[in-house]
Structure formats: C-alpha cells, structure tokens
Amino acid sequence: GNVVIKADGMTVNAPRGTGNVQRKEVHFTEGIAASGDWQGERVDFKAGSIALLFGDRPLYIAEKGVKGDIGKITVDADKLSMKGTELTAVSVRRLEDREAGIAFGADDIQGTLEDGILKTLTAKNKVWLRGRPNQGGETVDIRGDTAVYSVERGSVVLSGNVKAVQKGRTLTSQSIVYFPANNRVEAIGGITG
C-alpha cells in the first residue's frame, strides 16, 4: 500500500518497503518520493528504489531514474548515494550546481556537499560541462575525459580530448580550465581550432 516512513528528518513515500531494526536499514522499491532533510541537506527527489542505512555515518542509496534536488544541486542519474557530505552518482545525465550556474554530466561523479552547496567534484568518462550564460546569453559547452571542480580554487579543470564550443567557435586542447565566477576558459597545451 502507501508506505510512509519518517526518519532523521526525511520522509519517504513508496508502494512497498521492508526494514530491519537490528541492521538499522530500510529498503523501498517501485516509485519512491523522498523529501525533507538528510544529514543537514535538503532533499526532494524521486527514484525507482532507495535504501536508507542508519549507521554511525548514515547512507542513502537511490537507484533507477533518480531525479530531484539535494541542497542546491539538481540531479538526473541512474544511481545516487550520499554518505555524510560525500556524494556519488553513476550514469549522470545532468548534475546542476544552481549556486554556480553550471551543469555536469558523466558516467561517474564523486563530490562533496557542504551546506547544500557543491564544494568539490570529480567526473570521469564522457564528461560534459555547460557553463553559465554570458551577457549575450550564450553558454560554453566543454567535453573531455575527466573534470575536477573545486569551489575553493574557483575552477573546473577538464583533461583529455577536451573540446570547448561557444557560439559556433570550437577550441580543442589537452586541458581546459573553466572559471565559473567570471565565465572564462583558459586552454593549456596542444591548442587547436
């Protein structure tokens, strides 16, 4: 039926669920809707299944079409897990940092959230980044093999087969550094285009 569980500030609605008090875990299958607060991060998402593990470092694992918001990021991925401030996502169609105004996609993303804000991110395989629109409304789209994002450094470094496209202009390089704050791209090594 309509199963509802409220735990640690989060509410989960699902057609069915199972739990084990001794192992401190709950599993939901089918159409899941989760909202509320998880370890200090505001969540509001839907998924095909979710597991909540209430150990010393609580963990949630959402799978099968995860779509929604966690803190100030929006995610659309096949799988998402959160353990404390650590975020892992697989087959990421889009992970948008609404605070910085940039979006990522990749086969594998790992990062950290702090106060709902994406602080670090490492993306691997089939990586893409869409930068903030400039004054003319155009965005820069960058593709590469890997990306490393750091709020502290104020940059995203993309490496391996990197290609940046904006308003019909293309730049290819071994590495490109994107600076979200001033919407600037800097190419490093082997520049063509």
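All figures in this text were calculated on a predicted structure; none of them were measured in a lab.

On a plain count of helices and strands, the protein comes out with 0 helices and 14 strands. Across the protein, helices and strands are ordered from the amino to the carboxyl terminus as β-β-β-β-β-β-β-β-β-β-β-β-β-β. In terms of overall dimensions, the protein has C-alpha extents of about 60 × 30 × 30 Å along its principal axes. Relative to its 193 residues, the protein shows a buried fraction of 41%. The long-range share in the protein, meaning contacts at least 24 apart out of those at least 6 apart in sequence, stands at 31%. When the accessible surface of the protein is split by element, carbon and sulfur atoms take 47% of a total near 9,900 Å². Positive and negative side-chain charges of the protein, numbering 26 and 24 respectively, have mean locations separated by a distance of 4 Å.

Looking now at the nonpolar core. Among the nonpolar cores identified, the biggest contains 49 residues, and Leu-52, Tyr-60 and Ile-109 are the most heavily contacted of them. When residues no more than four places from it in sequence are discounted, the contact partners of Tyr-60 are Trp-38, Val-43, Phe-45, Ile-50, Ala-51, Leu-52, Ile-70, Leu-80, Ser-81 and Met-82.

What follows is about the pattern of salt bridges. Going through the model one piece at a time under the given rule, you end up with 9 salt bridges. Ionic pairing is found between Arg-93 and Asp-76, a salt bridge with its closest N-O pair at 2.9 Å. In this pair, Arg-93 sits in strand 8 (residues 86-97) while Asp-76 sits in strand 7 (residues 73-83), placing the two residues 17 residues apart along the sequence. By relative accessible area, Asp-76 is classed as buried at 18%.

This part is about unusual backbone geometry. Backbone geometry places Ser-91, a non-glycine residue, at a positive phi of 50°. Looking at the secondary structure, you find Ser-91 in strand 8. Despite not being glycine, Asn-161 has its phi angle at roughly 50°, a positive value. In this structure, Asn-161 sits in strand 12 (residues 155-166). The class for Asn-161 is exposed, based on a relative accessible area of 63%.

Glancing now at the environment of Pro-58. In this fold, Pro-58 is placed in the loop between strand 5 (41-53) and strand 6 (59-70). Since its relative accessible area comes to 10%, Pro-58 is described here as buried. In the structure, Pro-58 is positioned 33 residues away from Glu-25 in sequence and 9.6 Å away in space, judged by C-alpha atoms.

Counting across every chain of the model gives 2 aromatic pairs. Aromatic side chains Phe-45 and Tyr-60 sit 5.5 Å apart centroid to centroid with 20° between the ring planes, which places their arrangement in the stacked category. Of this pair, Phe-45 sits in strand 5 while Tyr-60 is found in strand 6, placing the two residues 15 residues apart along the sequence. Its relative accessible area of 2% is what places Phe-45 among the buried residues. With 5.7 Å between their ring centres and 45° between their planes, Phe-104 and Tyr-149 make a pair best called tilted. In this pair, Phe-104 is assigned in strand 9 (residues 102-114) and Tyr-149 in strand 11 (residues 141-150), connecting sequence segments 45 residues apart.

Moving on, we get to the side chain of Ser-150. With respect to the element layout, Ser-150 can be found in strand 11. On the basis of relative accessible area, Ser-150 is assigned to the buried category, the value being 7%. For Ser-150, the side chain forms a polar contact with the main-chain nitrogen of Arg-153, separated by 3.2 Å. With residues near it in sequence (within four places) discarded, Ser-150 still touches Lys-119 and Ser-155.

What counts, and where the lines are drawn
Residues numbered from 1 in each chain as written. Predicted model: local features only at pLDDT ≥ 70, side-chain atom pairs only at ≥ 80, totals over all residues. Heavy atoms only, no water. Helix = DSSP H or I, 4+ residues; strand = E, 2+ residues; numbered from the N terminus. Buried < 20%, exposed > 50% of the residue type's maximum accessible area, 1.4 Å probe, protein only. Contact = heavy atoms within 4.5 Å. Areas by Shrake-Rupley, 256 points an atom, 1.4 Å probe, with all protein chains shown as cover. Lys, Arg positive; Asp, Glu negative; His and termini not counted. Charge placed at Lys NZ, Arg CZ, Asp CG, Glu CD. Core = buried A, V, L, I, M, F, W, Y, C linked by side-chain atoms within 4.5 Å. Salt bridge = Lys/Arg side-chain N within 4 Å of Asp/Glu carboxyl O. Phe/Tyr/Trp six-rings, centres within 6.5 Å; stacked < 30°, edge-to-face > 60°. Polar contact = N/O pair within 3.5 Å; in protein donor to acceptor, adjacent residues only side chain to side chain.

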